[in-house]
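# Understanding the architecture of this molecule
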Amino acid sequence: MPKNNKKILIFLNLICLQFCIITAPDWLKINGITPCWPVILLLPFSLQNSRLNSAIAAVLLGIFIDSFTIGDVSYVPSLLLLSVAWSTYRLHNKKIELFLNIGLMAILGTAFVGFSIWIQKIFLYNVLRNNWFHSWSIFVLISEVIITGLVAPFFSSWLLLANKKN
């Protein structure tokens, strides 16, 4: 029975992620910018699974998120590197004493994903000298880091605790 509960929990998490990405509620936005949902979902999964499992999940999650975007940039490389780093840290029998540690990991992960997207756009579109591009990119990056840092401790710690109980 616990194995079936875990499968149901994973299925509900994926549906919840799709719902949050598509309909992101207004109270979870800063000037129209939503949290980095892939980081929020990948963090608890990577903390509890091996490198291989979390890398596979990161690639699949990156492909899923890329299917919603129309650009040439991809989430896959940054999510793959984050999943390997977080699964190396891995919570064998360790406890997370403060749930704000999850928020700090999510902040650093979101900043890494944002810089990765930014660098990919610079190389693909050759916009290194365009000041307008950099000003809105910095605004989006800071807003996304702030909102993810506020939301991640609640959602990621809830997913981490729900997965540990099962």
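Structure: above.
One structure accompanies this document, and this report is about it. Bear in mind that the values here come from a model prediction, so they are computed numbers and not experimental data.

### Focus: the side chain of serine 87
- Along the chain, the position of serine 87 falls in helix 4 (residues 76–89).
- Within the structure, serine 87 has its side chain in polar contact with the side chain of serine 54 (distance 3.3 Å).
- Of note is the side chain of serine 87, whose polar atom sits 2.8 Å from the backbone oxygen of serine 83.
- Discounting chain neighbours no more than four positions away, the residues touching serine 87 are Ser46, Asn49, Ser50, Arg51 and Ser54.

### Digging into the environment of leucine 150
- Inspection of the secondary structure assignment puts leucine 150 in helix 6 (residues 131–165).
- Judged by relative accessible area, leucine 150 falls into the exposed class, the value being 54%.
- Separated by 43 residues in the primary sequence, leucine 150 and isoleucine 107 place their C-alpha atoms 8.9 Å from one another.

### Observations regarding the packing of aromatic side chains
- Under the criterion given, the structure shown has two aromatic pairs.
- Both rings, one in tryptophan 37 and one in phenylalanine 155, keep their centres 5.5 Å apart while their planes meet at 80 degrees; by these two values the pair is edge-to-face. Here phenylalanine 155 lies in helix 6 and tryptophan 37 lies in helix 2 (residues 37–48), a separation of 118 residues in the sequence.
- Owing to a relative accessible area of 6%, tryptophan 37 belongs among the buried residues under this scheme.
- Overall, the relative accessible area of 28% leaves phenylalanine 155 in the partly exposed class.
- Summarising the aromatic geometry, the rings of phenylalanine 115 and tryptophan 118 are spaced 5.8 Å apart at their centres and angled 10 degrees between planes, so their arrangement reads as stacked. Here phenylalanine 115 pairs with tryptophan 118, and both are found in helix 5 (residues 100–125), just three residues apart, close to one helical turn.
- What makes phenylalanine 115 partly exposed here is its relative accessible area of 42%.
- Look at tryptophan 118 and you get buried, because its relative accessible area is 15%.

Definitions and cut-offs
- Residues numbered from 1 in each chain as written.
- Predicted model: local features only at pLDDT ≥ 70, side-chain atom pairs only at ≥ 80, totals over all residues.
- Heavy atoms only, no water.
- Helix = DSSP H or I, 4+ residues; strand = E, 2+ residues; numbered from the N terminus.
- Polar contact = N/O pair within 3.5 Å; in protein donor to acceptor, adjacent residues only side chain to side chain.
- Contact = heavy atoms within 4.5 Å.
- Buried < 20%, exposed > 50% of the residue type's maximum accessible area, 1.4 Å probe, protein only.
- Phe/Tyr/Trp six-rings, centres within 6.5 Å; stacked < 30°, edge-to-face > 60°.

Function cannot be read off these values alone, since they describe shape.
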